[in-house]
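Commentary on secondary and tertiary structure
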Amino acid sequence: MFAELNARSNFSFLFGASHPHELVNRAKQLDYQAIAITDECSLSGVVRAYQACQESQLKLIVGSEFKLNQHGSFVLLVTSQLAYQQLCALITLARRRSGKGSYSIELEDLRIANQCLCLWAAPAQPSLQSLAFIKQNQSRCFMLLGETLNQPQQGLSNQRRLAQELGIECLASTQARMHHASRKPLADVLDAIRNHTTVQAAGQILQSNAEQRLLPLSTLEQRFHPQEIELSLKLSQRCQFCLSELKYQYPDDLVPEGEDASDYLRKLVSEGAAKRYPNAIPSAVQAQLKHELELIDEMQYCHYFLTIFDIVRFAKQREILCQGRGSAANSVVCYCLGITEVDPTKVNLLFERFISRERNEPPDIDVDFEHQRREEVIQYIYQKYGRERAALAATIISYRSRSALRQVAKALAIEEHRVVQLLSEIDWRDKSTSCYQKIVASQAVAISIRERYASLVEQLIGFPRHLSQHVGGFVIAKTSLSHLVPVENAAMVDRTIIQWDKDDLEALHLMKVDILALGMLSAIRRCLALMSERDHKTYQLSDIPREDSKTYDMLCEGDSVGVFQIESRAQINMLPRLRPRNYYDLVIEVAIVRPGPIQGDMVHPFLRRRQKLEAVDYPSDSVKSVLERTLGVPIFQEQVIKIAMVAANFSGGEADELRRAMASWKRNGKLDYFKHKLLDGMLNNGYELEFAERLFSQIQGFGEYGFPESHAASFALLVYISSWLKCHEPAAFCCALLNSQPMGFYSPSQLLQDAKRHGVEILPVDINYSHWDSSLVHRQPRGAQQASSAIRLGIRLVKGLHREKFIALLEQRPERGFVDLELLKRHLDATSLESLASADALLSLAGNRHQARWQMAGYEPPLVIGADIIEQAVELSAPKEVESVLQDYRTTGLSLRRHPMAILRAHPKLKNYRNSQQLFQGKHGQLVKVAGLVVGRQRPGSSADVTFVTLEDETGNINVVVWSATAKAQRSTLINAKLMMVHGVLEREAKVIHIIAGKLIDNSNLLEKLNLPSRDFR
């Protein structure tokens, strides 16, 4: 009988060589009674250990280790909830004193955790301060014994003698850093990485054996005295705290004095409902509000909703666009509070997906804010609640294939050029073989070390490297957050993070709110602002007409470049087939081009029924009520859940568990548990076995990719708004997209190409006319009957310029622009001037880029005041067209001159190659040749079978489909080509055209040094 009270997992970064669950499972196999996960100044791994202990029914003890140099190491074990709070506070103190990834602690700080048991791993020569500390805390201190066979008897004897002198007991421990001896090579690699050396050169840094592992009881009995082993059990029994005891209390600051949280929430909801439904609140909405508020009361979530409401209210007061999405769209309460803009009468609500009594888990509300102004919201939260009560959730940054491959190579002293070769040979998105198999199959690494190297890489993949900040998941507490979980500094200034990630929070049923960033919200706000400035009136979202026919006409043509969510090639191809005509069609459009519906074989049946090529039938009226809006085909997660409820008698909680099982069935197989219940329930209710099995097959197809209607409904609102702006305000919309970069699917060059095809005039960057951001110019070309808006490109597009410096310069620009170079040279360094000249941004001031460079190089102020120096003018010819295009792309990433493909079209190698418009004259199944600049490569995350390549030419885009066999055979061309020539088969369905690639040819040399980036695998 034994309990290991000092086990370090791989959350002791670059030290522990086993995952928490591996330590737990091994301890269970060895018949341990308990295990303490004691990572160094961290509780990052305890939740994972807690989950593993729940499954294996092994007792978990929470603890942490602190290394104090000459004082030795101290392991603190939690005995009670108070002791847990003290340990969290101590870790927070040590971490907040130092920068990201480190900690600073003094011996006296350990007194903070006076309710914790203290295990001391004494150094060879203990300090006087450490001896005094042990004597003063004798009742809770114990000598931590650890034998590694380096000095087996002498070391233990010295420790026992010192313990006797101090009057404390000795505790047996393996001081494990791995669960099994097989991890010793990986531990050596971790030691080498941590110390920036190689395994061969590490010397005494490496441990000489694998004894710091979980050992069998028989081995422990040979090494330690019986009372030292027995003490481990006694101490484990004193540790009675469990993570399930943590009770999360949300802030109550927002309730006015004298009011109850429930009453105040109901008051706000009532006021919001009156605004949402000014004529009368529908009876169905009233009933749903009553149901939701009662459940929110019962689950004690009132303060949570009030907190979200307050954050959204702040954003609206600052005119920051925001929108709740995800599960919140299932809630009428969220709609009335203004958290979400999804009208529950327009979609099928499933509140059980948001809050469930049976699931007993907190709601998870995601709110998107403008990505360029989200920081204002984050700082508001910090200012309101303080850093003691608010922090971001962590994200665990783990080793992935490439990083593991590189780090292990360094540790094993494998040459860099071999690593580069290996990386170039491996197709990481090919899931048919493991990482181990890919490395072993390569010839890049010497055969003598290849298998060992591959094994170590595969072991390291998934190991945590460090903590980073979550994209926006905030945890806000009623009192000090460090009583709940340790807090530490993030890398970013003015940010703090907790030591748990979102999965840990979910496992412990702790609430968070996601303050997320969405680029399209920034673009929409900027677009409305441009329209307001142009027309001298204020435009708001409410001014955008709903269900505009011209907008839907545009989408039916597949014209959606730049539009939110439906701008990918797959979505653009779907639009002419689905032909959306209303908001709910957009909800379906957003959801249907996803791996879930595609793998579940739902797309083609839905399209056939929508095009009236296939009859729509329902096995019952109850199923019809669920599937009628999607023509009898389940497309959304909520529909699957509802069918389980109406057709198989699942409760709301059981149906949500089915949803969770769907999301992870490939990993844990839990979906099989629901198969019999679903099939039996449907058969008992009179449904045919064929229908039941087909439904289950579709559920499996959904897998972890099923898309919820609530998400699609939230996204569809922005799809419509951005589509309307593109349709009716193409110049303002494109300008807003440019100023909101980086965001979206397309580069500025592609956005401008599309805008030009829609008749928008684009004016170049010019130091005398451009602002930092791109802007709208009100113009009425000669002969035109009405004015139009052109886009003047902003100086921000010029590479290598400093924003603040140029904004200051532009504020001093004379109303009619600069007349000479004097002021520019006074405010700008030579590099900035060269960048402007190279970008042709001095055209109005100094002429073409050759002339501008000449004047910049030769300009000097007069030596004598008033002196007239006559210098013969030098007129340099403008660069040739090809040179200008090359310079445009190098300096701004785009060109307003002729498209490179238009220039190259006369080249002999491009004879008989069609442009994108000529493809519409081709026939289905015809062999064709096409060529273009590679502007995008995509491969769906759910499949390695196909890669989508987008080629751009002077007339538009060409969609190329490259199947896996072609991709593998011509991988270098597929991955590296900037100008690709494709021989393939034209496939055509209505207005949807793509080329099935046969032969790929890399003719990037035609572009010479043209630097044209593509947006790959987004």
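Residues numbered from 1 in each chain as written. Predicted model: local features only at pLDDT ≥ 70, side-chain atom pairs only at ≥ 80, totals over all residues. Heavy atoms only, no water.

**Comments concerning the overall build of the chain**
Within the chain one finds 42 helices and 23 strands. Its C-alpha radius of gyration of 33 Å places the chain within 12% of the 31 Å reference for a compact globule of 1018 residues. Overall size of the chain, expressed as C-alpha extent along the three principal axes, is 100 × 85 × 65 Å. Residues classed as buried in the chain amount to 57% of the 1018 residues present. Restricting to contacts in the chain with at least 6 residues of sequence separation, those with at least 24 account for 72%. Charged side chains of the chain number 120 positive and 115 negative; the gap between the two group centres comes to 4 Å. (Helix = DSSP H or I, 4+ residues; strand = E, 2+ residues; numbered from the N terminus. Rg over C-alpha atoms; globule rule 2.2 N^0.38 Å. Buried < 20%, exposed > 50% of the residue type's maximum accessible area, 1.4 Å probe, protein only. Contact = heavy atoms within 4.5 Å. Lys, Arg positive; Asp, Glu negative; His and termini not counted. Charge placed at Lys NZ, Arg CZ, Asp CG, Glu CD.)

**Concerning the pattern of salt bridges**
A pair can form between side chains of opposite charge whenever their charged atoms are brought close. Per the stated rule, a full pass over the model turns up 47 salt bridges. The residue Glu 614 makes a salt bridge to Arg 609 at a minimum N-O spacing of 2.9 Å. Here Glu 614 falls in the partly exposed class, since its relative accessible area comes to 26%. (Salt bridge = Lys/Arg side-chain N within 4 Å of Asp/Glu carboxyl O.)

**What to know about the sheet that holds strand S16 (residues 775–779)**
Reading across the sheet, the 3 strands line up as S15-S17-S16 and stay open at both edges, with mixed pairing between neighbours. Where the open sheet ends on each side, the last strands, each with one partner, are strand S15 (762–763) and S16. Across the sheet, helix H32 (residues 730–739) is in contact with S16 and strand S17 (788–792); its angle to S17 comes to roughly 20°. (Pairing = 2+ DSSP bridges. Axes fitted to C-alpha atoms, helices over the stretch in contact; angles between N-to-C directions.)

**Thoughts on unusual backbone geometry**
Here the residue pair Gln 741 and Pro 742 is connected by a cis peptide bond, since its omega of 5° sits within 30 degrees of zero. Here Pro 742 is to be found in the loop between H32 and helix H33 (748–757). For His 196, which is not a glycine, the phi torsion comes out positive at approximately 55°. Position of His 196 among the secondary structure elements: in the loop between helix H6 (184–194) and helix H7 (199–202). Among the residues examined, His 196 registers a relative accessible area of 76% and is labelled exposed.

**Some remarks on the nonpolar core**
One finds Phe 305 and Trp 500 to be the most contacted residues of the largest nonpolar core, which totals 136 residues. Sort the elements by how many residues they give to this core and helix H12 (residues 302–317) lands first, with 10 residues. Among the nonpolar cores identified, the runner-up in size contains 97 residues, and Met 602, Leu 607, Leu 821 and Ala 837 belong to it. (Core = buried A, V, L, I, M, F, W, Y, C linked by side-chain atoms within 4.5 Å.)

**Notes on the confidence of the model for the chain**
Per-residue pLDDT for the chain averages 88, and the proportion of residues at 70 or more is 92%. Ranking the elements of the chain by mean pLDDT puts strand S23 (residues 1015–1016) last with 52 and strand S2 (residues 34–37) first with 98. (pLDDT = per-residue confidence, 0-100.)

**As for the UniProt feature "domain: Polymerase/histidinol phosphatase N-terminal" (unreviewed entry) in the chain**
Following the UniProt record, the feature "domain: Polymerase/histidinol phosphatase N-terminal" (unreviewed entry) maps to residues 3–70 here. As a span, residues 3–70 carries 31% helix and 26% strand, and end to end its C-alpha atoms are 28 Å apart. (UniProt positions renumbered as here; feature names shortened; annotations may be inferred.)

**Examining H32**
H32 sits mainly inside the fold: 9 of its 10 residues count as buried. In this structure, the buried side of H32 is in contact with helix H20 (519–535), helix H31 (709–728), H33, S16 and S17.

**Considering the pairing of strand S21 (residues 979–989)**
Relative to S21, strand S18 (residues 927–938) is paired through 7 bridges, and the arrangement is antiparallel. The residue bridging Val 928 from the neighbouring strand is Gly 984, located in S21. Where S21 meets strand S22 (residues 992–1002), 10 bridges bridge the pair, whose relative direction is antiparallel. Bridge pairing links Glu 987 to His 994 in S22. Remark: 2 residues form the turn of the hairpin made by S21 and S22, two consecutive strands paired antiparallel; Ala 990 in that turn has positive phi of roughly 60°.

**Remarks on the packing of aromatic side chains**
Applying the stated criterion across every chain, the model contains 19 aromatic pairs. Their ring planes at 20° and their centres at 4.7 Å tell us that Tyr 84 and Phe 241 sit as a pair that is stacked. Taken together, the residues Tyr 84 in helix H3 (residues 81–96) and Phe 241 in the loop between helix H9 (226–238) and helix H10 (261–276) connect sequence positions 157 residues apart. Side by side, Tyr 84 and Phe 241 carry an identical accessibility label, which is buried. Geometrically, the ring pair formed by Tyr 250 and Tyr 304 is edge-to-face, given 5.3 Å between the ring centres and 80° between the ring planes. One end of the pair, Tyr 250, is in the loop between H9 and H10; the other, Tyr 304, is in helix H12, and 54 residues separate them in sequence. (Phe/Tyr/Trp six-rings, centres within 6.5 Å; stacked < 30°, edge-to-face > 60°.)

**Notes on the side chain of Asp 766**
For Asp 766, the location among the structural elements is in the loop between S15 and S16. The side chain of Asp 766 sits in the buried core without any salt bridge; Arg 792 is the nearest counter-charge, 5.1 Å away. Only 2.9 Å separates the side chain of Asp 766 from the backbone nitrogen of Asn 768, close enough to count as a polar contact. At 2.6 Å, the side chain of Asp 766 and the side chain of Ser 844 are in polar contact. (Polar contact = N/O pair within 3.5 Å; in protein donor to acceptor, adjacent residues only side chain to side chain.)

**Details of the environment of Arg 546**
With respect to the helices, strands and loops of the structure, Arg 546 is situated in the loop between H20 and helix H21 (549–556). Separated by 410 residues in sequence, Arg 546 and Gly 956 have C-alpha atoms that sit 30 Å apart. Once you skip the residues sitting within four places of it in the chain, Arg 546 turns out to touch Leu 541 and Tyr 720. Polar side-chain contacts of Arg 546 include one of 2.8 Å to the backbone oxygen of Ile 544.

**Concerning the sheet that holds strand S9 (residues 365–370)**
On the basis of which strands lie adjacent, the open sheet formed by 7 strands has the order S8-S9-S14-S11-S10-S13-S12 and mixed pairing. Whereas interior strands pair on both sides, the edge strands pair on one side only; in this sheet they are strand S8 (322–325) and strand S12 (487–489). Neighbouring strand axes in the sheet, compared pairwise and without regard to direction, differ in orientation by 45° on average. Where strand S10 (residues 390–398) meets strand S11 (residues 464–476), 8 bridges bridge the pair, whose relative direction is antiparallel. Considered in S11, the bridge of Ala 394 is made with Gln 469.

**Let's talk about the environment of Phe 920**
The residue Phe 920 is located in the loop between helix H40 (900–904) and S18 in this model. Here Phe 920 is in contact with Arg 988, Lys 991 and Ile 993, once residues within four sequence places are set aside.

**A word on the side chain of Asp 368**
The residue Asp 368 is located in strand S9 in this model. Assessed through its relative accessible area of 3%, Asp 368 is described here as buried. When near neighbours in sequence (up to four residues on either side) are disregarded, Asp 368 contacts Leu 321, Cys 322, Gln 323, Arg 325, Leu 516, Leu 518 and Leu 521.

**Some thoughts on helix H34 (residues 803–811)**
By the burial criterion, the buried members of H34 are Phe 806, Leu 809 and Leu 810. Buried residues of H34, seen end-on, are gathered within an arc of 95° and therefore sit on one face of the element. Tucked into the core, H34 has its buried residues touching helix H35 (822–827) and helix H36 (830–838). (Arc of directions from axis to C-beta.)

**Details of the pairing of strand S4 (residues 73–77)**
Taking burial as the measure, the 5 residues of S4 include 5 buried ones, the bulk of the element. Residues Ser 73, Val 75 and Leu 77 point to one face of S4 and Phe 74 and Leu 76 to the other, with burial holding for every one of them. Here strand S3 (residues 59–67) folds back onto S4 in antiparallel fashion, the turn holding 5 residues, of which Asn 69 has a positive phi close to 50°.

**Describing the packing of helix H1 (residues 20–29) against helix H2 (residues 46–56)**
It is the contact of H1 with H2, at a shortest axis distance of 8 Å, that shows an interaxial angle of 30°. Between H1 and H2, the interaxial angle falls into the category roughly parallel. For H1 against H2, the interelement crossing comes out right-handed. Contacts between H1 and H2 involve Pro 20, His 21, Val 24, Asn 25 and Lys 28 from the former and Arg 48, Ala 49, Ala 52, Cys 53 and Ser 56 from the latter. Broken down by class, the residue content of the contact of H1 with H2 amounts to 5 nonpolar, 3 polar and 2 charged. (Parallel < 35°, antiparallel > 145°, perpendicular 65-115°, else oblique. Left-handed = near helix turned anticlockwise from the far one by under 90°. Nonpolar A, V, L, I, M, F, W, Y, C, P; charged D, E, K, R; others polar.)

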